[in-house]
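# Breakdown of the fold
Now for the letters of each chain:
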Amino acid sequence: MRTGPGKNGYYVLEGLNSFATAYFFNYVLQRLRRESGFSDMDTLLLCVLHGFLYIPGSVYGGKFGQRFGYFRSLHVGFGGQFAGVVLAGLVPAAWAQVAGVAIWTTSMCFVWPMLEALVSEHESKERLPDRVGIYNVTWAATAAVGVFAGGTLYKVLGAASLYWLPALVHLGQWVALPGLARKHDR
C-alpha cells in the first residue's frame, strides 16, 4: 500500500496528534489521582466529560471543517489543543486540569475528522479503504507508543513533560499547517 507523496504529511500530523493525545490524556488522569486526590468516581466523571464533549464536538468539528475549510479547522484544533495543555500545565489546581482537558478535548474534535477527510479526499473507490486503513493503523500504533513509552518519558523527562511535550507537538503541528495547505492547494 503506497501512501503517495500528497498524503504523507497528514499521516505524520495524525501520528503526532495520536501520540500526544495518548500521552497527555492517560497520564493526566493518573496525575490527578495521585496529586489532586481524584477518586475512582472523579476520574470516571472526567472521562464521561471527555466523551460527552467529544461525541457532539466531532460532529460540529466536521461541519465546521466543511463550511470553513479543513485547514482553518486544523488551525483551530491544534491551537486549542495547545491552549488546553498549556492551561493545565501552568495552573496546577484540579479545576484548571479539568478545564484544560475540556478545552483540549473540544479542540481535538476540529482535528481528527479533518485529517481523515484529507487522507480520503479525491480517492478512488479502490484506494479509499487503503487510505483509511493507513490512517487507522497510524492512529493506533502511535497511540500505543504514547501509552507504552509514556511512563518512561514521564520518568526521564520529568512530570512537567506531561504538558510541555504535547504542547510542543501541537504547536509544531500548527506551525506546519501553512506549508501543507500550500501543497494541498497545488
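Residues numbered from 1 in each chain as written. Predicted model: local features only at pLDDT ≥ 70, side-chain atom pairs only at ≥ 80, totals over all residues. Heavy atoms only, no water.

## Topic: the overall build of the protein chain
- Summing up its helical and strand segments, the protein chain has seven helices and zero strands in all.
- Secondary structure elements of the protein chain, listed N to C terminal, follow the sequence α-α-α-α-α-α-α.
- Its C-alpha atoms give the protein chain a radius of gyration of 17 Å, near enough to 16 Å, the size a compact globule of 186 residues would have.
- Its C-alpha atoms give the protein chain principal-axis dimensions of roughly 50 × 35 × 25 Å. (Helix = DSSP H or I, 4+ residues; strand = E, 2+ residues; numbered from the N terminus. Rg over C-alpha atoms; globule rule 2.2 N^0.38 Å.)

## A look at the pattern of salt bridges
- One pass over the structure, following the stated rule, counts five salt bridges.
- Note that glutamate 35 and arginine 31 form a salt bridge whose closest N and O atoms lie 2.9 Å from each other. Taken together, the residues glutamate 35 and arginine 31, both in helix 1 (residues 8–35) and four residues apart, mark about one turn of the helix.
- Note that arginine 131 is salt-bridged to glutamate 123, the shortest N-O span being 2.9 Å. (Salt bridge = Lys/Arg side-chain N within 4 Å of Asp/Glu carboxyl O.)

## A look at the nonpolar core
- Counting residues in hydrophobic clusters, the biggest one holds 37 residues, and the most contacted among them are Tyr10, Phe24, Phe71, Leu74, Leu115, Leu162 and Tyr163.
- Secondary-structure elements contributing two or more residues to this core are helix 1, helix 3 (70–90), helix 4 (94–108), helix 5 (112–120), helix 6 (128–157) and helix 7 (161–185).
- Of all the elements, helix 1 adds the most residues to this core, at eleven residues.
- Setting aside anything within four residues of it in sequence, one finds leucine 115 in contact with Tyr10, Leu13, Glu14, Leu74 and Tyr135. (Core = buried A, V, L, I, M, F, W, Y, C linked by side-chain atoms within 4.5 Å. Buried < 20%, exposed > 50% of the residue type's maximum accessible area, 1.4 Å probe, protein only. Contact = heavy atoms within 4.5 Å.)

## Description of helix 2 (residues 40–68)
- End to end, helix 2 covers 40 Å across 29 residues, agreeing with the expected 42 Å (1.5 Å per residue, within 8%).
- The principal kink in helix 2, of about 30°, is found at glycine 57.
- Those residues of helix 2 that are buried lie in contact with helix 1, helix 3, helix 4 and helix 5.
- A positive backbone phi angle near 105° is found at glycine 69, which sits one or two residues after helix 2. (Expected span 1.5 Å × (residues − 1). Bend = angle between axes of the 7 residues up to and from the residue.)

## Overview of a nonpolar patch on the surface
- Taken together, the side chains of Met41, Leu44, Leu45, Val48 and Phe52 make up a nonpolar region of the molecular surface, amounting to roughly 520 Å² of accessible area.
- Take leucine 45: it is sitting in helix 2. (Patch = residues over 30% accessible without salt bridge, like charges linked within 9 Å, V, L, I, M, F, W, Y side chains within 5 Å. Areas by Shrake-Rupley, 256 points an atom, 1.4 Å probe, with all protein chains shown as cover.)

## A few points about the state of the cysteines
- Tallied over the full model, the rule gives zero disulfides.
- No disulfide involves cysteine 47; its nearest neighbouring cysteine sulfur is the one of cysteine 109, lying 15 Å away. (Disulfide = S-S within 2.5 Å.)

## What to know about the packing of helix 2 against helix 4
- One way to put it is that helix 2 packs onto helix 4 with a least axis distance of 9 Å and a crossing angle of 30°. With respect to each other, helix 2 and helix 4 are oriented roughly parallel. Helix-helix and strand crossings are classified by hand; for helix 2 and helix 4 the assignment is right-handed. Contact with helix 2, carried on its side by Leu46, Leu49, His50, Leu53 and Tyr54, involves Val98, Val101, Ala102, Trp104, Thr105, Thr106 and Met108 of helix 4 and no other residues of that element.
- For the contact of helix 2 with helix 4, the per-class residue count stands at nine nonpolar, three polar and no charged. (Axes fitted to C-alpha atoms, helices over the stretch in contact; angles between N-to-C directions. Parallel < 35°, antiparallel > 145°, perpendicular 65-115°, else oblique. Left-handed = near helix turned anticlockwise from the far one by under 90°. Nonpolar A, V, L, I, M, F, W, Y, C, P; charged D, E, K, R; others polar.)

## Things to note about the confidence of the model for the protein chain
- Summing up the model confidence of the protein chain, the mean pLDDT is 92 and the portion of residues at 70 or higher is 96%.
- Put simply, helix 5 is where the protein chain has its lowest mean pLDDT, 92, and helix 3 is where it has its highest, 97. (pLDDT = per-residue confidence, 0-100.)

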